[in-house]
Amino acid sequence: MDVSAGREQAEALDAADPVAAFRDRFVVDDDSDLVYLDGNSLGRLPKAVAGRLDQVVRDEWGHGLIRSWDDWIDAPAQAGEVLGRHLLGARPDEVLVCDSVTVNLYKLAAAAARARPERRVIVTDDDNFPTDRYVLAGLAEERGLELRLIHADIDAGLDLGTLAAAVDDDTALVCLSQVAYRSGALLDMAEVTRIVHDAGALVIWDLCHSVGAVPIELDAVDTDLAVGCTYKYLNAGPGAPAFCYVRRDFADSLRQPIWGWFGGHEQFEMGPTYRPADGMARFLTGTPPIAGIRAVQTSAELLAEAGIGALRAKGVAMTEYLVALADAWLEPLGFRLASPRDPAQRGSHVTLHHPEAWRICQALIQRAKVIPDYRTPDRLRLGPAPIYTRYVDVWDGLDRLRRVVEDRVYEEYSAEPTRVT
Ligand SMILES: *Cc1c(COP(=O)(O)O)cnc(C)c1O
């Protein structure tokens, strides 16, 4: 892609963008020239979510009080249905919105391990997100299982030959991220599922960096289990509850490890012993966070209105543009692409390697009003969320980035990492 036409090219791309109007559906400070390229860590606030939260707090809680539980009781499944239908390719009774990714992963992994009692091995890759590796390691220790960490390249992602060689008739489950959090490398869900099923094992997907960014067809690829968060491309707000998916035909055979009253049969009978609810409902635990669940449903409806196909198309086009600008301007300054070059092989974010990535990241935020992410060991992660990011944001962001490096502004910043990066 030739980027020599300058900023006008970005303006023309924005003018032709079929989802451009959705930017107005988000809270964006009009007087700010902030370039936000971190939609894959915390999405912007949709105006409809602010309104919905206000309604939940003032009307449903403030006015309705305890009476609102008649509606609230169905909230986790209702939000799950919207999410499942529009963004996950799942049927209504296969998705719940509840708990965090971490807790949902524990519940699903524990249930999956128990569903393959004669098998001793859990497989994941050594570059999977920390919480995934930690939860699986804890589960393996608790159950006397082995956690097998297979190697994934931190730029190119997991090679499927490596996966195929690592699964066998002792493998109970395989847990992988569809889109790698650092590089954005995208796995072929159908192919991975086939490899895992051929070995007789179960697969759990972490969809945190893919939901809302790439089309997902959980039912169509006949996969087993999935978790994902809602505060990244889904824009439901910090700490908004996560989702979990269990394929319909085997929810009833799984044992949920956290026996809470919300996952029990006939909850309000307050019976003497726990009996699991039928189907997916058994994966609830305790009282669900209603305000956050309402936010998830509203933000999923907004993405559904834009259409995941259109958002993916823009995500591909925008990251292609970003990569072309990086090739032209940043490679001569010592940057190297640390994501797959083929857009079909990556999600909606792009990572660049530079030995001074941490100091450059601080200079960008504090001096250039550009917000990227720093990721260890020496990478700058740029996540232009398709629903509200403009091509001119990508142009401006990379233009300011090259200046920060050319002018050596970053040398004024400390090499010491802060607590949150
Ligand atoms: C963001 C993210 C998480 C976060 O898990 P929480 O329980 O919500 O903190 C987990 N996995 C991946 C791949 C992520 O990107």
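Residues numbered from 1 in each chain as written. Predicted model: local features only at pLDDT ≥ 70, side-chain atom pairs only at ≥ 80, totals over all residues. Heavy atoms only, no water.

Regarding the overall build of the protein
Link 1 in the chain: Helix and strand content of the protein: 12 helices and 13 strands.
Link 2 in the chain: For 421 residues, the compact-globule estimate of 2.2 N^0.38 gives 22 Å, and the protein sits close to it at 22 Å.
Link 3 in the chain: Overall size of the protein, expressed as C-alpha extent along the three principal axes, is 70 × 55 × 40 Å.
Link 4 in the chain: Across the protein, every contact between residues at least 6 apart in sequence was considered, and the portion connecting residues at least 24 apart equals 73%.
Link 5 in the chain: If you sum the accessible surface of the protein, you get close to 17,500 Å²; carbon and sulfur atoms cover 51% of it.
Link 6 in the chain: Positive and negative side-chain charges in the protein, numbering 44 and 65 respectively, have mean positions lying 2 Å apart. (Helix = DSSP H or I, 4+ residues; strand = E, 2+ residues; numbered from the N terminus. Rg over C-alpha atoms; globule rule 2.2 N^0.38 Å. Contact = heavy atoms within 4.5 Å. Areas by Shrake-Rupley, 256 points an atom, 1.4 Å probe, with all protein chains shown as cover. Lys, Arg positive; Asp, Glu negative; His and termini not counted. Charge placed at Lys NZ, Arg CZ, Asp CG, Glu CD.)

Thoughts on the pairing of strand β7 (residues 225-228)
The side chains of a regular strand alternate between the sheet's two faces.
Link 1 in the chain: Side chains of β7 alternate between two faces, with Leu225 and Val227 and Ala226 and Gly228 buried alike.
Link 2 in the chain: Pairing geometry for β7 and strand β8 (residues 243-246), over 4 bridges, is antiparallel. Pairing of Ala226 across the sheet is with Tyr245, part of β8. (Buried < 20%, exposed > 50% of the residue type's maximum accessible area, 1.4 Å probe, protein only. Pairing = 2+ DSSP bridges.)

Points about the sheet that holds strand β9 (residues 336-337)
Link 1 in the chain: Strand order across the open sheet formed by 4 strands is β9-β10-β13-β12, with antiparallel pairing between neighbours. Among the strands making up the open sheet, the edge pair consists of β9 and β12 (373-375).
Link 2 in the chain: Relative to strand β10 (residues 350-353), β9 is paired through 2 bridges, and the arrangement is antiparallel. Paired with Leu337 across the bridge in β10 is Leu352.

What about helix α9 (residues 290-306)?
Link 1 in the chain: Given a rise of 1.5 Å per residue, 17 residues ought to cover 24 Å, and the 25 Å separating the end C-alpha atoms of α9 matches this to within 8%.
Link 2 in the chain: Across the 17 residues of α9, 13 count as buried, placing the element largely inside the fold.
Link 3 in the chain: Taken from the residues just after α9, Gly307 is the one with a positive phi, measuring 90 degrees. (Expected span 1.5 Å × (residues − 1).)

Section: the packing of helix α10 (residues 308-330) against helix α12 (residues 391-406)
Link 1 in the chain: With their axes 10 Å apart at the nearest point, α10 and α12 run at an angle of 25 degrees to one another. Viewed along their axes, α10 and α12 adopt a mutual orientation that is roughly parallel. Like other packed secondary-structure pairs, α10 and α12 cross with a definite hand, here right-handed. Along its contact with α10, which presents Lys314, Ala317, Met318, Tyr321, Leu322, Leu325, Ala326, Trp329 and Leu330, the element α12 presents Tyr391, Val394, Trp395, Leu398, Asp399, Leu401 and Arg402.
Link 2 in the chain: Among the residues forming the contact of α10 with α12, the class breakdown is 13 nonpolar, no polar and 3 charged. (Axes fitted to C-alpha atoms, helices over the stretch in contact; angles between N-to-C directions. Parallel < 35°, antiparallel > 145°, perpendicular 65-115°, else oblique. Left-handed = near helix turned anticlockwise from the far one by under 90°. Nonpolar A, V, L, I, M, F, W, Y, C, P; charged D, E, K, R; others polar.)

Remarks on the domain arrangement of the protein
Link 1 in the chain: Looking at the assigned domains, one finds that the protein contains domain 1 (7-32 + 307-412) and domain 2 (50-305).
Link 2 in the chain: Here domain 1 and domain 2 have C-alpha centroids that lie 29 Å from each other.
Link 3 in the chain: Together domain 1 and domain 2 conceal approximately 2,100 Å² of surface at their shared face, both sides included; 56% is due to carbon and sulfur atoms.
Link 4 in the chain: Where domain 1 touches domain 2, the interface holds 3 salt bridges.
Link 5 in the chain: Residue Glu305 is joined to Arg25 by a salt bridge in which the shortest nitrogen-to-oxygen separation is 2.9 Å.
Link 6 in the chain: In this assembly, domain 1 and domain 2 are joined by 17 residue pairs in polar contact (both at pLDDT 80 or more).
Link 7 in the chain: If you list the elements that add at least two residues to the side of domain 1 that touches domain 2, you get α10 and β13 (379-382).
Link 8 in the chain: No other element matches the 3 residues that α10 contributes to the side of domain 1 that touches domain 2.
Link 9 in the chain: Considered class by class, the residues forming the side of domain 1 that touches domain 2 number 12 nonpolar, 8 polar and 7 charged. (Domains from an automatic or database assignment. Buried area = accessible area lost by both parts, 1.4 Å probe. Salt bridge = Lys/Arg side-chain N within 4 Å of Asp/Glu carboxyl O. Polar contact = N/O pair within 3.5 Å; in protein donor to acceptor, adjacent residues only side chain to side chain.)

Remarks on the site of the ligand
Link 1 in the chain: As a matter of local geometry, the ligand sits amid Ser100, Val101, Thr102, Phe129, Thr131, Asp132, Ser177, Asp206, Cys208, His209, Tyr231 and Lys232.
Link 2 in the chain: One of the side-chain nitrogen or oxygen atoms of His209 is found 2.9 Å away from an oxygen atom of the ligand.
Link 3 in the chain: Protein contacts shield 86% of the accessible area of the ligand, which totals 390 Å² for the unbound molecule.
Link 4 in the chain: Sorting the residues of the shell around the ligand by element identifies α5 (101-115) and α6 (130-143) as the ones contributing at least two each.
Link 5 in the chain: Classifying every residue of the shell around the ligand gives 4 nonpolar, 5 polar and 3 charged. (Near = heavy atom within 4 Å.)

So, the pattern of salt bridges
Close approach of charged atoms allows side chains of opposite charge to pair.
Link 1 in the chain: With the rule as written, the count across this model stands at 38 salt bridges.
Link 2 in the chain: Of the charged contacts in the structure, one is a salt bridge between Glu81 and Arg85, with a shortest N-O distance of 3.5 Å. Of the two residues, Glu81 and Arg85 are both situated in helix α4 (residues 75-88); the distance of 4 residues between them amounts to about one turn of the helix.
Link 3 in the chain: For Glu81, a relative accessible area of 30% puts it in the partly exposed group.

Topic: a nonpolar patch on the surface
Link 1 in the chain: On the surface, Val57, Trp61, Leu65 and Ile66 cluster together into a nonpolar patch covering about 450 Å² of accessible area.
Link 2 in the chain: Inspection of the secondary structure assignment puts Ile66 in the loop between α2 (47-63) and α3 (69-72).
Link 3 in the chain: Take Ile66: its relative accessible area is 66%, and that puts it in the exposed class. (Patch = residues over 30% accessible without salt bridge, like charges linked within 9 Å, V, L, I, M, F, W, Y side chains within 5 Å.)

Remarks on the packing of α4 against α9
Link 1 in the chain: Interaxial distance between α4 and α9 falls to 9 Å at its minimum, and their mutual angle equals 20 degrees. What the angle tells us is that α4 and α9 run roughly parallel. Here α4 and α9 pass one another in a crossing that is left-handed. For the pair α4 and α9, the contacting residues are Ala75, Pro76, Gln78, Ala79, Val82, Leu83, His86 and Leu87 in the first and Ile290, Ile293, Arg294, Val296, Gln297, Ala300, Glu301, Leu303 and Ala304 in the second.

Considerations on the nonpolar core
Link 1 in the chain: In terms of nonpolar packing, the biggest core is built from 63 residues, with Leu83, Leu88, Leu163, Trp205, Leu207 and Ile387 touching the most fellow members.
Link 2 in the chain: For this core, the two domains that each supply at least three residues are domain 1 (7-32 + 307-412) and domain 2 (50-305).
Link 3 in the chain: Within the second largest apolar cluster, 39 residues are counted, among which are Leu322, Ala326, Leu330 and Trp358. (Core = buried A, V, L, I, M, F, W, Y, C linked by side-chain atoms within 4.5 Å.)

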